[in-house]
Amino acid sequence: MIISKNTLKWVMRLYPPLFFQRIWVQRFEGEFKGCTVKISRSFLNKNYNGSIFGGTIYAATDPFYALLFDQLMQRRGFKVRVWLKSASIQYLKPGQSNLYFTIKLTDEMITEAEMALKTIGRFVKAYPMEVTNKNGELCATVMNEVYIRNLHQGETPTVAY
């Protein structure tokens, strides 16, 4: 489903698995080529050491590459199924304050996915993310492997708007 940036931002903000973990989408970039997310430290997501629970950080990074690629590919006329195929995380420093990350999709990344969808019908690739604290210090690195399947391979893409 194609939806606006503002609608998706609010849906993700109020989505219970993110909302109760204090994961807040700050903004989606123009044409869904990026997003910025804040993980607020609170009593709802602190571990016994007082830092942000690792599962909260992991959950925060889960949906966003898939969401961005899904919205981009649909706007380009593809009927796709997108999900996170695998992920790995390295915790480097405890999250003692709010944490932040930004994802940016380049034109090269988008073109590579489009070409794979047009030729072989699927695209699988891992992308890195960096989670930082309020001082810009690196707290975690994440690798998300995105899977995109063209549901109508070989057909001419049409945009329904």
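All residue numbers refer to position in the chain's written sequence, counted from 1. Since the coordinates come from a predicted model, pLDDT governs what is reported: local features require at least 70, and pairs of side-chain atoms require 80 or more to be given and counted, while whole-chain, interface and lining totals use all residues. Calculation of side-chain values draws on the structure's entire complement of heavy atoms; hydrogens and water are dropped beforehand.

This part is about a nonpolar patch on the surface. Residues form patches when they are more than 30% accessible in relative terms and have no salt bridge. Like charges link within 9 Å. Nonpolar side chains (Val, Leu, Ile, Met, Phe, Trp, Tyr) link within 5 Å. All accessible areas in this document rest on Shrake-Rupley with a 1.4 Å probe, and a residue is counted as covered only by the protein chains that are shown. In what follows, salt bridge is the name for a side-chain nitrogen of Lys or Arg lying within 4 Å of a carboxyl oxygen of Asp or Glu. Taken together, the side chains of Trp10, Leu14, Phe19 and Phe20 make up a nonpolar region of the molecular surface, amounting to roughly 420 Å² of accessible area. In DSSP terms, a helix is any run of H or I states spanning at least four residues, a strand is any run of E spanning at least two, and both are numbered starting from the N terminus. Mapped onto the elements, Phe19 comes out in helix α2 (residues 16–19). Whether a residue is buried, partly exposed or exposed follows from its accessible area with a 1.4 Å probe, protein chains only, as a fraction of its type maximum: under 20%, in between, or over 50%, in that order. Under the relative-accessibility criterion, Phe19 is labelled partly exposed at 35%.

Turning our attention to helix α5 (residues 107–119). Along its 13 residues, α5 runs 18 Å from first to last C-alpha, staying within 8% of the 18 Å computed at 1.5 Å per residue. Taken residue by residue, α5 has Met109, Ile110, Ala113, Glu114, Ala116 and Leu117 as its buried positions. Projected down its long axis, α5 shows its buried positions confined to an angular sector of 165 degrees, all on one face. Turned more than 90 degrees away from the buried face of α5, the exposed residues are Glu108, Lys118 and Thr119. Of the surrounding secondary structure, the elements contacted by the buried residues of α5 are α4 (64–75), β3 (80–91), β4 (99–104), β5 (122–133) and β6 (138–150). The positive-phi residue at the C-terminal boundary of α5 is Gly121, with phi of around 90 degrees. Multiply 1.5 Å by the residue count of a helix minus one, and that product is the helix's expected span. The arc in question is formed by the directions pointing from the helix axis toward the C-beta atoms. Contacts between residues were defined by any pair of non-hydrogen atoms, one from each residue, lying within 4.5 Å.

A few words on the side chain of Ser97. With respect to the helices and strands, Ser97 occurs in the loop between β3 and β4. Within 3.5 Å is the distance limit for a polar contact, defined as a pair of N or O atoms, with the added protein rule that one can donate a hydrogen and the other accept it, and that residues adjacent in sequence qualify only through two side-chain atoms. Side-chain polar atoms of Ser97 contact the backbone nitrogen of Lys134, separated by 3.5 Å.

We now examine the sheet that holds β5. The pairing criterion for strands is at least two bridges between them, as found by DSSP. Pairing in this open sheet of 6 strands is antiparallel, and the strands run β1-β2-β4-β5-β6-β3 from one edge to the other. On the outer flanks of this sheet lie β1 (23–28) and β3, each paired with one strand and no other. Neighbour-to-neighbour, the strand axes of this sheet turn through a mean angle of 20 degrees, independent of strand direction. To obtain an axis, a line is fitted to C-alpha atoms, over the contacting stretch when the element is a helix, and the angle between two such axes runs from 0 to 180 degrees between their N-to-C directions. With respect to the sheet, helix α3 (residues 54–61) is in contact with β1, β2 (34–39), β3, β4, β5 and β6, its orientation differing from that of β3 by roughly 150 degrees. Strands in contact with α5 are β3, β4, β5 and β6; relative to β5, the strand with the most contacts, it is inclined by about 155 degrees.

All right, on to the nonpolar core then. By nonpolar core we mean a set of buried residues, namely Ala, Val, Leu, Ile, Met, Phe, Trp, Tyr and Cys, connected to one another through side-chain atoms within 4.5 Å. Phe64, Tyr65, Phe69, Phe101 and Ile148 are the most contacted members of the largest nonpolar core, which has 44 residues in total. In this structure Tyr65 touches Ile103, Leu105, Met109, Tyr127, Pro128, Met129, Asn144 and Val146, once residues within four positions along its chain are discounted.

Moving on, we come to α3. Each full turn of the α-helix corresponds to 3.6 residues, which orients residues three or four apart in the same direction. Among the residues making up α3, those that are buried are Gly54, Thr56, Ile57, Ala60 and Thr61. One side of α3 holds all its buried residues, which, seen down the axis, span an arc of 160 degrees.

This part takes up the pattern of salt bridges. Under the criterion given, the structure shown has 6 salt bridges. Its salt-bridge partner being Glu29, residue Arg27 comes within 3.3 Å of it at the nearest N-O pair. Of the residues examined, Arg27 reaches a relative accessible area of 43% and is grouped as partly exposed. Among the salt bridges present, the one from Glu31 reaches Lys33, with a minimum N-O distance of 4.0 Å. Under the relative-accessibility criterion, Glu31 is labelled exposed at 53%. Classification of Lys33 as partly exposed rests on a relative accessible area of 23%. Through salt bridges with shared partners, one network takes in Glu31, Lys33 and Asp107.

Ring geometry is summarised as follows: Phe, Tyr and Trp rings, the Trp one being its six-membered ring, pair when their centres sit within 6.5 Å, and such pairs are stacked at plane angles under 30 degrees, edge-to-face over 60 and tilted between the two. Using the criterion set out here, one finds 8 aromatic pairs in the structure. Ring geometry for Phe28 against Phe32: centres 5.6 Å apart, planes inclined by 50 degrees, an arrangement best described as tilted. What makes Phe28 buried here is its relative accessible area of 7%. Three or more aromatic residues joined by ring pairs form one cluster here, namely Tyr65, Phe69, Phe123 and Tyr127. Lysine and arginine charges are scored as sitting over a ring when NZ or CZ, respectively, is within 6 Å of the ring centre and within 35 degrees of the ring normal. Seen from the ring of Trp10, Arg13 lies directly overhead, with NZ or CZ sitting 4.5 Å from the centre.

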